[in-house]
Amino acid sequence: MSLAVITYALAVGRWAPDAQGRLVRAALELYAERGFEATTVADIAARAGVTERTFFRYFTDKREVLFDSSHVLEHAVVDAITAAPPDAAPINVVVDAFVEASRLLEERREFARQRAAVIGATTSLHERELLKLAQLDAAAAEALRRRGEPGSTATLAAQTGMTVFRIGFDRWLAAPPARSLAACINDALDELRALTATA
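The shown structure was predicted, so the numbers you read here are calculated from the model rather than taken from an experiment. (Residues numbered from 1 in each chain as written. Predicted model: local features only at pLDDT ≥ 70, side-chain atom pairs only at ≥ 80, totals over all residues. Heavy atoms only, no water.)

Participant: Outline helix α3 (residues 41–48), listing residues and values.
Facilitator: Buried within α3 are the following residues: V41, I44, A45 and A48. Seen end-on, α3 carries its buried residues on one side only, within an arc spanning 95°. Directly after α3, the chain includes G49, whose backbone phi takes a positive value near 75°. (Buried < 20%, exposed > 50% of the residue type's maximum accessible area, 1.4 Å probe, protein only. Helix = DSSP H or I, 4+ residues; strand = E, 2+ residues; numbered from the N terminus. Arc of directions from axis to C-beta.)

In structure tokens:
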């Protein structure tokens, strides 16, 4: 599963009509065709029909084309955790927050699949993805602490919820079109509960 995949999908949905959207599309196409390392900012700008100066108005480097919108998912998850019922169990709060945030991605599965292939082929991008996932995990834990959960409980719930989300997301990428991301996330949670159920 890739947070980068997620952020690309969000970016395309918001930016498709303008220069920023064209840059995101062009970058994905070129990374798929040539590989990330062999693609330059000049290549991306030319494919998008803009100047390199325009590229740097939106992105600090060619990696950030893929990660620039990570804050969108983070804000959606944190907002959903904050708004959850006060008596809800921490793990349910986190997983439900990811389910709520998944609505941002439901119409963008093909973009996400293409993006996953690029990330999977590039070690430096995978490392960047792990950093972004760690930031999302920390933000979820902090949102739980603000709800009054003890530190260790907040950390455990956030990390467990993130794992459930990642498994659900991977399955969603491979699932038939009718299968929703929310359903894949909830299936992963059901499997976790089955693993921890007593006989």
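Participant: Can you explain the nonpolar core? Please cite residues and give values.
Facilitator: Among the nonpolar cores identified, the biggest contains 38 residues, and V77, I81, L144, F169 and W172 are the most heavily contacted of them. Per-element accounting of this core gives the leading share, 9 residues, to helix α10 (residues 151–174). In contact with V77, other than residues within four places in its own chain, are A97, F98, A101 and L136. A26, Y31, I44 and V118 belong to the second-largest nonpolar core, a separate cluster that totals 22 residues. (Core = buried A, V, L, I, M, F, W, Y, C linked by side-chain atoms within 4.5 Å. Contact = heavy atoms within 4.5 Å.)

Participant: Quick one: what's the story with the side chain of D137, residue by residue and with numbers?
Facilitator: Tracing the backbone shows D137 in helix α9 (residues 123–146). No salt bridge is formed by the buried D137; its nearest oppositely charged neighbour, R166, is found at 7.6 Å. In this view, D137 contacts A158, Q159 and M162; residues no more than four positions away in its chain are not counted. (Lys, Arg positive; Asp, Glu negative; His and termini not counted. Salt bridge = Lys/Arg side-chain N within 4 Å of Asp/Glu carboxyl O.)

Participant: Pulling in residues and values, what's your account of the environment of L104?
Facilitator: Positionally, L104 belongs in the loop between α7 (90–102) and α8 (109–120). Here L104 falls in the partly exposed class, since its relative accessible area comes to 31%. Along the primary structure L104 and F165 are separated by 61 residues, whereas in three dimensions their C-alpha atoms are 14 Å apart.

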